[in-house]
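Okay, here's what each chain looks like letter by letter:
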Amino acid sequence: EKPAHARALLLVAGHSLCASLLLVVNKWALKEFPFVWTLTTIQFLFAAFATFCAGKLGLIEVDALDWQRLNASSLRRGCFSSRSPRATPWCP
């Protein structure tokens, strides 16, 4: 029980640290590079590339891309990404 508790605590602390650093780095990046969607796209592409490389190196297990599942969730991603509720009145 104790190792599982320590692992959970480590995961929570690591997640908190990553989230805090992401907030600080994004604030700094937006001051230097004020193009929000371009910055978001660059960050996504870097994360996708890093995940692909880690999967090819065998460091992590990566699921195959399922286009049917991707298309099924595209409306939700579009709604989540929109900045204004008025910009996407069709979102639930």
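Let me sum up the structure you'll find in this document.

The rules behind the values
Residues numbered from 1 in each chain as written. Predicted model: local features only at pLDDT ≥ 70, side-chain atom pairs only at ≥ 80, totals over all residues. Heavy atoms only, no water. Helix = DSSP H or I, 4+ residues; strand = E, 2+ residues; numbered from the N terminus. Areas by Shrake-Rupley, 256 points an atom, 1.4 Å probe, with all protein chains shown as cover. Expected span 1.5 Å × (residues − 1). Buried < 20%, exposed > 50% of the residue type's maximum accessible area, 1.4 Å probe, protein only. Phe/Tyr/Trp six-rings, centres within 6.5 Å; stacked < 30°, edge-to-face > 60°.

**Some points on the overall build of the protein chain**
Looking only at helices and strands, the protein chain has four helices and zero strands in total. Secondary structure elements in the protein chain, listed N-terminal to C-terminal, are α-α-α-α. Of the roughly 8700 Å² of accessible surface on the protein chain, a fraction of 69% belongs to carbon and sulfur atoms.

**Quick notes on helix α1 (residues 2-32)**
Between its first and last C-alpha atoms α1 spans 45 Å; for 31 residues at 1.5 Å apiece the expected length is 45 Å, and the two agree. In terms of residue burial, α1 counts as a barely covered element, since only one of its 31 residues are buried.

**Some points on the packing of aromatic side chains**
For the structure shown, the criterion picks out one aromatic pair. Ring geometry for F33 versus F35: centroids 5.3 Å apart, planes at 75 degrees, classification edge-to-face. F33 gets classed as partly exposed once you look at its relative accessible area, which sits at 32%.

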